[in-house]
Amino acid sequence: MKILKRLILDIDENLSQIALLENGKLKEYHPEKRDGKNILGNIYKGKIQNVLKGMQAAFVDIGIGKNAFLFSDDVLFQQENLPKSITQVLKPGQPIMVQVSKEAVGMKNPRVTANISLPGKYVVLMPNVDYVGISHRIEEEGERKRLQEIVKELKPDGMGIIVRTAALEATEQQMREDLDELIRLYEKIQKDFQNASLPSLIYKEEDFAIKYLRDLLSDEVDEIVVNDKEEYENIKRYLKNVGKENISVTYEEGDLMGIYGADFQVEKLLEKKVWLKSGGFVIIDQTEALTVIDVNTGKYVGKSSLEETIYKTNLEAAEEIALQLKLRDIGGIIIIDFIDMKNENFRKDLLEFFKKELQKDRTKCSVLGYTQLGLVEMTRKRVRSQVGSYLKEKCPICEGEGMVYSTEYIYKRLRNNIERVLRHIKVRKIYIKGNDKVVKIAAEKEIVKFYKEKFNVDLEVVVDNNKKYGHFEIEFE
């Protein structure tokens, strides 16, 4: 049966979403807030604020109110005789052309690089490095060799080119026109850099729809559905320019994510537990430093031996984990606790299968293998915030901790604070101001009655929902 690949673009005034569905199943998902704060890929005329010799890095003012971080490796590549220190190359106040390579994530500043890259339809131009690369997704050796020969002929001296997956079966003329357009764009960027004030934006990444279409169209999309008329026209023009007019483009009003069944699949991306078809499940725990994934057999009991059951669960989990990493856009260090297997062949097969599944991901993934504890250690390049950060916000109750004070602890703190007042001060009446949870606990534990009978003190519990969960204030007269 032919797999129907449908690309959904649900454009909203606050949040835009693009989803790739294969026979209705979510395979790619990218949300973006329409607040103008997405800066990934933008090029700036930046100003060096300070250079950190000990860290071999610099902070760069790019005019966004938050300095960007520039590592030495992202600037020293340009030097023929490599300097020993970044301080020999950069000085405070110096102008520099930089491109945002990673968005600000959590408490981390955005990261920039002086190694500019300009993506086109078929190639990516890297003006500052002498390099040739072919997309790893082009696997056929004959096609890779053909493209490499073409690129060697086209490549300007001293510049680098990466051949994109979309270049599969592209002609030399198509690639030449694409490259010429990118070179003209870079020349304009250089001119704008010379004339721009300091700091300022000199090149903005393409708009939401085109930016993602550029990558996703290499997946042989059959149909594109969009609910915004302006983007609909943009998409049609873009498809004509890249020779993809055979792809059906439909304008359709309404909630496209709901109409095509993608919304409930997106909601599952916000859950920690992911169920497998077999009845097993995967738990995904994300922290600031790393992501930990645990695999469990759950309800799956298998049909043969225990080892075979565990192996099949692990294989199913490996496929789902590779997909979840891509859909959730999880980056950084990732530790996976597959169910332990004694059979060494099963362990090797699982690792190879997992690596193969990760090759479907456009973002670079590196599997380092098993640790001494039997955990699988890997990394996935982090370039933007995880999907959850676009769809969720920090809990005002627990402030992102994921836990709140227990009833017993709140009750104990209430008792301690009241009795501390009674030990040191002669009072006639005590007021407890807290949120609904505190009021509920006070009522359930009959605090007012207890202190009236034991200490002959009047208590009044006042609702104040400006207080955090479990927090309260004691006043008296």
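Residues numbered from 1 in each chain as written. Predicted model: local features only at pLDDT ≥ 70, side-chain atom pairs only at ≥ 80, totals over all residues. Heavy atoms only, no water.

Caption draft 1: The overall build of the protein, seen in detail. Along the backbone of the protein there are 12 helices and 24 strands. With the C-alpha coordinates aligned to their principal axes, the bounding extent of the protein is approximately 95 × 70 × 55 Å. Looking at the protein residue by residue over its 477 residues, the buried ones come to 45%. Across the protein, every contact between residues at least 6 apart in sequence was considered, and the portion connecting residues at least 24 apart equals 65%. Carbon together with sulfur atoms contributes 48% to the accessible area of the protein, which is approximately 26,000 Å² in total. Across the protein, the 77 positively charged side chains and the 79 negatively charged ones have centroids separated by 5 Å. (Helix = DSSP H or I, 4+ residues; strand = E, 2+ residues; numbered from the N terminus. Buried < 20%, exposed > 50% of the residue type's maximum accessible area, 1.4 Å probe, protein only. Contact = heavy atoms within 4.5 Å. Areas by Shrake-Rupley, 256 points an atom, 1.4 Å probe, with all protein chains shown as cover. Lys, Arg positive; Asp, Glu negative; His and termini not counted. Charge placed at Lys NZ, Arg CZ, Asp CG, Glu CD.)

Caption draft 2: The domain arrangement of the protein, seen in detail. Assigned domains of the protein: these are domain 1 (5–34 + 206–263), domain 2 (42–203), domain 3 (271–391) and domain 4 (407–476). Summarising the inter-unit geometry, the C-alpha centres of domain 1 and domain 2 are found 27 Å apart. If you look at the interface, domain 1 gives 6 residues, while domain 2 gives 8 residues. For the pair domain 1 and domain 2, the number of links is 0 salt bridges. In this assembly, domain 1 and domain 2 are joined by 0 residue pairs in polar contact (both at pLDDT 80 or more). Here the residues of the side of domain 1 that touches domain 2 sort into 1 nonpolar, 2 polar and 3 charged. (Domains from an automatic or database assignment. Salt bridge = Lys/Arg side-chain N within 4 Å of Asp/Glu carboxyl O. Polar contact = N/O pair within 3.5 Å; in protein donor to acceptor, adjacent residues only side chain to side chain. Nonpolar A, V, L, I, M, F, W, Y, C, P; charged D, E, K, R; others polar.)

Caption draft 3: Region of the structure containing the sheet that holds strand 10 (residues 123–126). Strand order in this open sheet of 4 strands is 9-10-12-11, and the pairing throughout is mixed. The open sheet terminates on both sides in strands that have one partner only, identified here as strand 9 (118–119) and strand 11 (132–134). Pairing of strand 10 with strand 12 (residues 160–163), which is carried by 4 bridges, proceeds in the antiparallel orientation. Residue pairing in the sheet places Val123 in a bridge with Val163 of strand 12. Lying on the sheet, helix 1 (residues 141–154) is in contact with strand 11 and strand 12; it crosses strand 11 at an angle near 150°. Lying on the sheet, helix 2 (residues 172–195) is in contact with strand 9, strand 10 and strand 12; it crosses strand 10 at an angle near 35°. (Pairing = 2+ DSSP bridges. Axes fitted to C-alpha atoms, helices over the stretch in contact; angles between N-to-C directions.)

Caption draft 4: Structural view of the pattern of salt bridges. Enumeration over the complete set of coordinates arrives at 23 salt bridges. The closest approach of N and O atoms between Glu473 and Lys467, which form a salt bridge, is 3.3 Å. Taken together, the shared-partner salt bridges connect Asp329, Asp361 and Arg380 into one network.

Caption draft 5: Just the sheet that holds strand 16 (residues 273–275), in detail. On the basis of which strands lie adjacent, the open sheet formed by 6 strands has the order 16-17-18-19-21-20 and mixed pairing. Both outer strands of the open sheet, strand 16 and strand 20 (365–370), are each paired with one neighbouring strand and no more. Each strand axis lies, on average, 20° off the axis of its neighbour in the sheet, ignoring direction. By the bridge criterion, 6 bridges tie strand 17 (residues 281–286) to strand 18 (residues 290–296) in an arrangement that is antiparallel. Directly across from Ile284, in strand 18, lies its bridge partner Ile293. Sitting on the sheet, helix 7 (residues 306–328) touches strand 16, strand 17, strand 18, strand 19 (332–337) and strand 21 (376–380), and the angle it makes with strand 18 is about 150°. Along the sheet, helix 8 (residues 344–358) makes contact with strand 19, strand 20 and strand 21, crossing strand 20 at roughly 170°.

Caption draft 6: Structural view of helix 11 (residues 436–444). Turning to helix 11, its buried residues number three or more, namely Val438, Ile441 and Ala442. Along the axis of helix 11, the buried residues cluster in a sector spanning 100°; they form a single face. Opposite the buried face of helix 11, by more than 90 degrees, sit the exposed residues Ala443 and Glu444. Close packing links the buried residues of helix 11 with helix 10 (407–424), strand 22 (429–434), helix 12 (447–455), strand 23 (458–463) and strand 24 (472–476). (Arc of directions from axis to C-beta.)

Caption draft 7: Just the environment of Arg237, in detail. Structurally, Arg237 is set in helix 4 (residues 229–241). For the pair Arg237 and Phe208, spaced 29 residues apart in sequence, the C-alpha to C-alpha distance is 15 Å. Engagement of the side chain of Arg237 in a polar contact is seen with the side chain of Asn234, the distance being 2.5 Å.

Caption draft 8: Here's a closer look at the pairing of strand 2 (residues 15–22). When you tally the buried positions in strand 2, you get 7 out of 8 residues, the bulk of the element. Pairing of strand 1 (residues 5–10) with strand 2 involves 6 bridges; the strand directions are antiparallel. The residue bridging Asp10 from the neighbouring strand is Gln17, located in strand 2. Counting the residues that bridge the hairpin from strand 1 to strand 2 gives 4 residues. Examined bridge by bridge, strand 2 and strand 3 (residues 25–33) share 8 bridges and lie antiparallel to one another.

Caption draft 9: Layout of the packing of aromatic side chains. Summed over all chains, the structure comprises 9 aromatic pairs. An aromatic cluster is defined as three or more aromatic residues linked by ring pairs; in this entry it consists of Phe59, Phe69 and Phe71. Here the guanidinium or amino end of Lys45 rests over the ring plane of Phe193, the centre of that ring lying 5.2 Å away. Taking the ring centre of Phe281 as reference, the NZ or CZ of Lys273 above it sits at 4.4 Å. (Phe/Tyr/Trp six-rings, centres within 6.5 Å; stacked < 30°, edge-to-face > 60°. Lys NZ or Arg CZ within 6 Å of the ring centre and 35° of its normal.)

Caption draft 10: Local environment of the environment of Tyr232. For Tyr232, the position within the fold is in helix 4. Residues within four places of Tyr232 in sequence aside, it is in contact with Val226, Val249, Thr250 and Tyr251.

Caption draft 11: Expanded view of a negative patch on the surface. Together, Asp255, Asp263, Glu267 and Glu271 line one region of the surface with negative charge. Take Asp255: it is sitting in the loop between strand 15 (248–251) and helix 5 (256–259). Asp255 sits in the partly exposed class, given a relative accessible area of 45%. (Patch = residues over 30% accessible without salt bridge, like charges linked within 9 Å, V, L, I, M, F, W, Y side chains within 5 Å.)

Caption draft 12: Layout of unusual backbone geometry. Geometrically, the link from Leu198 to Pro199 is a cis peptide bond, its omega value of -5° lying close to zero. For Pro199, the location among the structural elements is in the loop between helix 2 and strand 13 (200–203). If you check the backbone angles, Glu446 has positive phi at about 50° while not being a glycine. For Glu446, the location among the structural elements is in the loop between helix 11 and helix 12. Within the chain, Asn456 stands out as a residue other than glycine whose phi angle is a positive 55°. With respect to the element layout, Asn456 can be found in the loop between helix 12 and strand 23. Residue classification places Asn456 among the exposed positions, given a relative accessible area of 58%.

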